[in-house]
Amino acid sequence: SLVSLSLNGNGIESVGGCAVAAALVSANTVLQTLLVDATDVKAEFYMGMATALRSDSCAVSFLSASRNAAGDEGARAISYSLGTNTVLTRLRLASCDISEECLADILDVAGSQGHLLELDLRLNAGQERSIFLHNPHPTASPLRRKTTLTTPARYH
């Protein structure tokens, strides 16, 4: 069974991305890692992915969807799915044209969830610095802004 899928840089656009997201709702899906960085997907993909993440059958624990045009609409859809999804532990939405206001909303939602280990919001609009959050102990303390806020050297 396929547990990891990398479509990075493949230009699948929203049509292909939505097909992948729809497939994740299937009861037979065991995909745990989905990498769709720089694939030209837009808000429609993120909304479809949010639907998949809210389903009980979705096994994705790592979603990297950076360097696409998620915008606020797509980013908010993903962040709202965090309220019901307890499987996703790593989320990367770097360089996705997300506004400062929406970034704050995402951080608030993510901060209330104890299962998220990593949240990458680097290089989005309105940022004076990069946001890369890591919580090594999710059950002890939920991910919060005051939790390790760093810009790892490899991302400079």
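What counts as what
- Residues numbered from 1 in each chain as written.
- Predicted model: local features only at pLDDT ≥ 70, side-chain atom pairs only at ≥ 80, totals over all residues.
- Heavy atoms only, no water.
- Helix = DSSP H or I, 4+ residues; strand = E, 2+ residues; numbered from the N terminus.
- Buried < 20%, exposed > 50% of the residue type's maximum accessible area, 1.4 Å probe, protein only.
- Contact = heavy atoms within 4.5 Å.
- Phe/Tyr/Trp six-rings, centres within 6.5 Å; stacked < 30°, edge-to-face > 60°.
- Lys NZ or Arg CZ within 6 Å of the ring centre and 35° of its normal.
- Axes fitted to C-alpha atoms, helices over the stretch in contact; angles between N-to-C directions.
- Parallel < 35°, antiparallel > 145°, perpendicular 65-115°, else oblique.
- Nonpolar A, V, L, I, M, F, W, Y, C, P; charged D, E, K, R; others polar.
- Expected span 1.5 Å × (residues − 1).
- pLDDT = per-residue confidence, 0-100.

Draft legend 1. Region of interest: the overall build of the protein chain. Counting its secondary structure elements, the protein chain contains four helices and six strands. Counted from the first residue to the last, the protein chain has its helices and strands arranged as β-α-β-α-β-α-β-α-β-β. Across the 156 residues of the protein chain, 47% fall into the buried class. Partitioning the intrachain contacts of the protein chain with sequence separation of at least 6 by distance along the chain shows that 75% fall at a separation of at least 24.

Draft legend 2. Local environment of the packing of aromatic side chains. Enumeration over the complete set of coordinates arrives at one aromatic pair. Note on Phe-45 and Tyr-46: the rings are 5.2 Å apart at their centroids and 75° apart in plane angle, and the pair reads as edge-to-face. Assigned by exposure class, Phe-45 and Tyr-46 land together as buried. Residue placement shows Arg-90 over the ring face of Phe-62; its charged tip is 3.8 Å from the ring centre.

Draft legend 3. Broad picture of the packing of helix α2 (residues 43-54) against helix α3 (residues 71-81). Packing of α2 against α3 leaves a shortest axis separation of 8 Å and a crossing angle of 5°. Considered as vectors, α2 and α3 are oriented roughly parallel to each other. On α3, the residues that touch Ala-43, Tyr-46, Met-47, Met-49, Ala-50, Leu-53 and Arg-54 of α2 are Glu-73, Gly-74, Ala-77, Ile-78 and Ser-81. In the contact of α2 with α3, the residues fall into eight nonpolar, two polar and two charged.

Draft legend 4. Layout of helix α4 (residues 100-111). Helix length check: α4, at 12 residues, gives a terminal C-alpha distance of 16 Å against a target of 16 Å (1.5 Å per residue), a fit within 8%. Within α4, the full set of buried residues consists of Cys-102, Leu-103, Ile-106, Leu-107, Ala-110 and Gly-111.

Draft legend 5. Geometry of the confidence of the model for the protein chain. In this model, the protein chain carries a mean pLDDT of 84, and residues with pLDDT of at least 70 account for 80%. Predicted confidence is poor over residues 144-156, with pLDDT under 50, and the contacts of this stretch with residues over four places away or in other chains come to 25 contacts.

Draft legend 6. Quick look at the side chain of Ser-79. When you line up the elements, Ser-79 lands in helix α3. In contact with Ser-79, not counting residues within four places along its chain, are Ile-106 and Val-109.

Draft legend 7. Region of interest: the environment of Ala-75. Inspection of the secondary structure assignment puts Ala-75 in helix α3. Taking the C-alpha atoms as reference points, Ala-75 and Leu-103, 28 residues apart in sequence, are found 8.5 Å from one another. In this structure Ala-75 touches Ala-70, Ile-98, Cys-102 and Ile-106, once residues within four positions along its chain are discounted.

Draft legend 8. Focus on unusual backbone geometry. At Asp-40, a residue that is not glycine, the phi angle is positive and equals roughly 65°. Tracing the chain through its elements places Asp-40 in the loop between β2 (33-35) and α2. Phi is positive for Arg-67, close to 60°, though the residue is something other than glycine.

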